[in-house]
Amino acid sequence: MNPIVEFCISNLANGAQKTLEALERDPNIDVLEYGCLSYCTRCAESLYALVNGEVVQADTPDELTEKIYQFIEDNPLF
């Protein structure tokens, strides 16, 4: 079972698109887009994604990508 990373389409427009594209190239991660994930305040303040249901946030797309991979490493599914 692959980790699931979920993005809000508004956050993608705010800069997280680069992270989504990087993760989509990884066959070991399932990436999903939603119209809204109901984290509007967080969405307005920073870049973020839900990783296996947990919020991971950062200030830049590269930092977000790095933090997502670190979260997955630190919190294996099995």
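Cut-offs applied
Residues numbered from 1 in each chain as written. Predicted model: local features only at pLDDT ≥ 70, side-chain atom pairs only at ≥ 80, totals over all residues. Heavy atoms only, no water. Helix = DSSP H or I, 4+ residues; strand = E, 2+ residues; numbered from the N terminus. Rg over C-alpha atoms; globule rule 2.2 N^0.38 Å. Buried < 20%, exposed > 50% of the residue type's maximum accessible area, 1.4 Å probe, protein only. Contact = heavy atoms within 4.5 Å. Areas by Shrake-Rupley, 256 points an atom, 1.4 Å probe, with all protein chains shown as cover. Lys, Arg positive; Asp, Glu negative; His and termini not counted. Charge placed at Lys NZ, Arg CZ, Asp CG, Glu CD. Polar contact = N/O pair within 3.5 Å; in protein donor to acceptor, adjacent residues only side chain to side chain. Core = buried A, V, L, I, M, F, W, Y, C linked by side-chain atoms within 4.5 Å. Disulfide = S-S within 2.5 Å. Axes fitted to C-alpha atoms, helices over the stretch in contact; angles between N-to-C directions. Parallel < 35°, antiparallel > 145°, perpendicular 65-115°, else oblique. Left-handed = near helix turned anticlockwise from the far one by under 90°. Nonpolar A, V, L, I, M, F, W, Y, C, P; charged D, E, K, R; others polar.

Our next topic: the overall build of the chain. Within the chain one finds three helices and four strands. Secondary structure elements in the chain, listed N-terminal to C-terminal, are β-α-β-α-β-β-α. A globule of 78 residues ought to have a C-alpha radius of gyration of about 12 Å, and the chain, at 11 Å, matches this closely. C-alpha atoms of the chain, sized along the principal axes, occupy 35 × 20 × 20 Å. For the chain, the residues scored as buried account for 37% of the 78 residues in total. For the chain, restricting intrachain contacts to residue pairs at least 6 apart in sequence, the fraction spanning at least 24 positions comes to 60%. When the accessible surface of the chain is summed, it comes to about 4700 Å², and 49% of that surface belongs to carbon and sulfur atoms. Within the chain, one finds 4 positive and 14 negative side-chain charges whose respective centroids are separated by 5 Å.

Okay, the environment of Asp-26 next. Mapped onto the elements of the fold, Asp-26 is located in the loop between α1 (9-24) and β2 (30-34). Reaching out from Asp-26, the side chain makes a polar contact with the side chain of Tyr-69 at a distance of 2.7 Å.

In this structure, Val-5, Phe-7, Leu-23, Val-51, Leu-64 and Ile-68 are the most contacted members of the largest nonpolar core, which totals 17 residues. Elements with a contribution of two residues or more to this core: β1 (4-8), α1, β3 (47-51), β4 (54-58) and α3 (61-74). Beyond its immediate stretch of four places on either side in the chain, Leu-64 contacts Phe-7, Ala-16, Thr-19, Leu-47, Tyr-48, Ala-49, Val-56, Gln-57 and Ala-58. Counting five residues, the second-largest nonpolar core is a separate cluster that includes Cys-8, Cys-43, Tyr-48 and Leu-50.

Looking now at unusual backbone geometry. For Ser-38, which is not glycine, the phi torsion reads 65° and is therefore positive. One non-glycine residue, Asn-52, lies in positive phi territory at about 50°. Along the chain, Asn-52 falls in the loop between β3 and β4.

Turning our attention to the state of the cysteines. Here, the word disulfide means a covalent bond between the sulfur atoms of two cysteines. Taken as a whole, this structure holds zero disulfides when the rule is applied. In this model Cys-8 remains outside any disulfide bridge; the closest cysteine sulfur is found in Cys-43, 4.1 Å from its own. By relative accessible area, which is 4% here, Cys-8 ends up buried.

Contact pair α1 / α3: the axes reach a minimum separation of 8 Å and the direction vectors enclose 45°. By the angle class used here, α1 and α3 are oblique. As for how α1 packs across α3, the hand of that crossing is right-handed. Contacts between α1 and α3 involve Gly-15, Ala-16, Lys-18, Thr-19, Ala-22 and Leu-23 from the first element and Pro-61, Asp-62, Leu-64, Thr-65, Ile-68 and Tyr-69 from the second. Looking at side-chain class alone, the contact of α1 with α3 contains seven nonpolar, three polar and two charged residues.

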